[in-house]
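Coordinate analysis (summary)
Letter by letter, the chains look like this.
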2 protein chains.
Amino acid sequence: MDVDAYLNQLKGQGLKLTGQRRSILGILLAENRYMSAKELMDRLQEEHPHISYDTIYRNLKVLRQERIVEESMFQDGSSRFRIRCRDPHHHHFICVQCGRTIPIESCPMELPFPVPDGFQVYSHRFDIFGECADCRGVTKPAPVSSN
Amino acid sequence: MDVDAYLNQLKGQGLKLTGQRRSILGILLAENRYMSAKELMDRLQEEHPHISYDTIYRNLKVLRQERIVEESMFQDGSSRFRIRCRDPHHHHFICVQCGRTIPIESCPMELPFPVPDGFQVYSHRFDIFGECADCRGVTKPAPVSSN
DNA sequence: ATCCTAATTCGGAATGATTCCGATTTATGG
DNA sequence: CCATAAATCGGAATCATTCCGAATTAGGAT
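Calculation rules
- Residues numbered from 1 in each chain as written.
- Chains lettered and ligands numbered in written order.
- Predicted model: local features only at pLDDT ≥ 70, side-chain atom pairs only at ≥ 80, totals over all residues.
- Heavy atoms only, no water.
- Helix = DSSP H or I, 4+ residues; strand = E, 2+ residues; numbered from the N terminus.
- Buried < 20%, exposed > 50% of the residue type's maximum accessible area, 1.4 Å probe, protein only.
- 1 Å grid on protein atoms, 1.4 Å probe; cavity = no way out; pocket = protein on both sides within 12 Å on 5 of 7 lines; lining within 4 Å.
- Points joined across faces, edges and corners; volume = space filled by probe spheres on them.
- Domains from an automatic or database assignment.
- Least-squares fit on C-alpha atoms with pLDDT ≥ 70 in both.
- Contact = heavy atoms within 4.5 Å.
- Buried area = accessible area lost by both parts, 1.4 Å probe.
- Salt bridge = Lys/Arg side-chain N within 4 Å of Asp/Glu carboxyl O.
- Polar contact = N/O pair within 3.5 Å; in protein donor to acceptor, adjacent residues only side chain to side chain.
- Nonpolar A, V, L, I, M, F, W, Y, C, P; charged D, E, K, R; others polar.

**With respect to unusual backbone geometry**
With a phi close to 60°, arginine 67 of chain A is a non-glycine residue in the positive phi region. By secondary structure assignment, the location of arginine 67 of chain A is in the loop between helix H4 (53-65) and strand E2 (69-73). Here the phi dihedral of asparagine 32 of chain B falls at roughly 55°; this positive angle occurs in a residue that is not glycine. When you line up the elements, asparagine 32 of chain B lands in the loop between helix H2 (19-31) and strand E1 (35-36). Relative accessible area serves as the criterion here: at 38%, asparagine 32 of chain B is assigned to the partly exposed category.

**A look at the layout of surface pockets**
Volume-wise, the largest pocket comes out at about 830 Å³. Lining the largest pocket we find 26 residues, and of these Glu70, Glu71, His90, Ser123 and His124 of chain A sit closest to its centre. Listing elements by their share of the lining of the largest pocket, those giving two or more residues are E2 and strand E6 (120-131) of chain A together with strand E6 (120-131) of chain B. Both of domain 1 (3-83) and domain 2 (92-136) of chain A provide at least three residues apiece to the lining of the largest pocket. Together, 21 residues line the second largest pocket, and Gln75 of chain A together with Glu71, Ser72, His124 and Arg125 of chain B are the ones closest to its centre.

**Quick word on the relation of the copies chain A and chain B**
Of the transformation superimposing chain A on chain B, the axial component is 0.0 Å and the angular component is 180°, with the fit at an RMSD of 0.1 Å. Here the transformation between the copies is reduced to the relation of a two-fold axis. Counting the interface residues of chain A, we find that 95% of their copies in chain B are interface residues as well, pointing to one common contact surface.

**Digging into the interface of chain A and chain B**
Taken together, the 43 residues of chain A in the interface contact 45 residues of chain B. Here chain A and chain B share an interface that buries about 3,900 Å² over both sides, 63% of which is from carbon and sulfur atoms. Summed over the shared surface of chain A and chain B, the result is two salt bridges. Between arginine 125 of chain B and aspartate 127 of chain A there is a salt bridge, with the nearest N and O atoms lying 2.8 Å from each other. Put simply, chain A and chain B have 16 residue pairs in polar contact (both at pLDDT 80 or more) between them. For the side of chain A that touches chain B, the elements supplying multiple residues, two or more each, are E2, strand E4 (92-95), E6 and helix H5 (133-136) of chain A. For the side of chain A that touches chain B, the leading source of residues is E6 of chain A, giving 12 residues. Here the residues of the side of chain A that touches chain B sort into 26 nonpolar, nine polar and eight charged.

Below is the structure:
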């Protein structure tokens, strides 16, 4: 999927296609991994020297509402953002170094455990944190990240 | 397990048994659920009107290192703390209202999925967020959830 | 091409959780 | 009761995130 498809979706919602918005989308699409707001800021300043965090967070929120971006709270207490996976699964191996993600081929909700009486489930999360082959400097060929 | 057992463990490490430390342990043991630093502050001020956040966080860190307390990053980006479960499992239904936890009777790591080549697993997390029967004020069985 | 207006951006201030720091106090072994 | 390392306190600092008011801009209508 390319930037234009997403831009069209935004336009359809009456949202404006600003340079900042294009850049945020472009970076997230190119990187295809979890990024922090600060990482985005550093990259965005190349093209938009005066961009503010407000703009970054505001756009990330819009993109999240449009289901283009997904957000995950990391262990350090800050959010990371990435282009949303098109696949239905929602779980990843996550490299704590580079933010790369690799899909997990199953979902724990498939497991047959009992839900407590009266408990209303809203959401769940399942993530496996670690270090990817590249970041570990392992000699083997690195698995290609996707999704 | 009572407060004294934990206090002995701390004493064995050359740590001092201060009133603040006792109170923190006492509250966490009595509540037996995830609590925020602020919740602890509110409760602690009853006995220690001048206690500081520094003291709370410092003690929580010590207790975590002693494996007495466990910490979990919640979705709002702030940490919650609770007395560590003695059971080996580490997954919970978590009520987003009151912080109550109910153990999940399985662990997703039992599932047979492949680990990517060269990926070194450090940790994983699996939590199911929702609302418990008490907080929902339910008398009846709950509707079935999804996801 | 120009206008209009809602959407967006900007910079800086505000917020909230958490940590740091220097000065002071305290638990505990001897 | 002393010595001293451990712990506390209050307030300042930090970091991620949000808020706000004023200024700018994208995009449809004229």
